[in-house]
Amino acid sequence: MTFQAKQFYRKLDGLLHEIDAGTGDAKWFTWLLREIVERFGDELSIESGRLYSEGNGGFHLKRDYKSKDPSVRGLVIPESYRPLQLVLEHGVYIFDGTVDGQDAALENRLGGLESVSILIEGRPRRLLAFGLRSGWDRDHLDFAVKTIRNAINQRLAVVD
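All chains use their own residue numbering, which begins from 1 and follows the written sequence. Per-residue local features of the predicted model are confined to residues with pLDDT of at least 70, and side-chain atom pairs are confined, for both listing and counting, to 80 or more; whole-chain, interface and lining totals are unaffected and use all residues. Only hydrogens and water are set aside; all other atoms, that is, all heavy atoms of the structure, feed into the side-chain values.

## Let's talk about the overall build of the chain
- A run of DSSP states H or I qualifies as a helix once it reaches four residues; a run of E qualifies as a strand once it reaches two. Both are numbered from the N-terminal end. Along the chain, the regular secondary structure elements total 5 helices and 6 strands.
- Starting at the N terminus and ending at the C terminus, the chain contains elements arranged as α-α-β-β-β-α-β-α-β-β-α.
- Both definitions apply: the radius of gyration is a C-alpha atom measure, and the globule rule equals 2.2 Å times residues to the power 0.38. The C-alpha radius of gyration computed for the chain amounts to 15 Å, which stays within 12% of the reference 15 Å derived for 160 residues, consistent with globular compactness.
- Projected onto the principal axes, the alpha-carbon positions of the chain cover approximately 40 × 35 × 25 Å.
- The classification of residues rests on relative accessible area computed with a 1.4 Å probe and restricted to protein chains. Under 20% of the type maximum is buried, over 50% is exposed, and intermediate values are partly exposed. A burial count over the chain gives 48% of its 160 residues as buried.
- Whether two residues are in contact is decided by their heavy atoms, any of which lying within 4.5 Å being enough. Restricting the contact set of the chain to residue pairs at least 6 apart, pairs at least 24 apart contribute 58%.

## Notes on helix 3 (residues 82-90)
- Pro 83, Leu 84, Leu 86 and Val 87 are the residues of helix 3 that are buried. Looking down the long axis of helix 3, one finds its buried residues gathered within 155° of arc, a one-sided arrangement.
- Those residues of helix 3 that are buried are in contact with strand 2 (58-65), strand 3 (76-78), strand 4 (92-96), helix 4 (104-110), strand 5 (114-120) and strand 6 (126-132). The reported arc concerns the directions from the helix axis to the C-beta atoms and nothing else.

## A word on the pattern of salt bridges
- The term salt bridge refers to a pairing of a side-chain nitrogen on Lys or Arg with a carboxyl oxygen on Asp or Glu at a separation within 4 Å. Enumeration according to the criterion identifies 9 salt bridges in this entry.
- With a closest N to O distance of 3.4 Å, Glu 35 and Arg 34 form a salt bridge.
- On the accessibility criterion, Glu 35 (12% relative accessible area) is buried.
- Judged by relative accessible area, Arg 34 falls into the partly exposed class, the value being 31%.
- By sharing partners, the salt bridges in this structure join Arg 34, Glu 35 and Arg 39 into a single network.

Rendered as structure tokens:
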């Protein structure tokens, strides 16, 4: 599917209008994870999603949606894991399978070596991670996930 910026913004605007002003709890993040996979999956080549929450030296996998291995729920990604450090440093990171430090066995259980992760600010910090299908476009994906991240962080800043 060809990426259409106008269509993407309409979908994102629709998503943001559905977000209640009092959001930010675990149930809301679970809903958001599912909605991003469902609404933007085709045009961004997203096939699955995971929600992590920070705590006790790492990020704990709290929810998954359409994951390859549902038994990974509860897994803790330590802060020493290089791909996690990249997400924490950059806010958004696209993994194309060539990033140093990726554990292929772990990544394949989670969603594959090709994925994108978004850091959501707050207490606790959270990560939204999405497994990608082949055929994704780096420029469109980068634009889209940075826009989504900014919109979520701005919405949560209003709630605080």
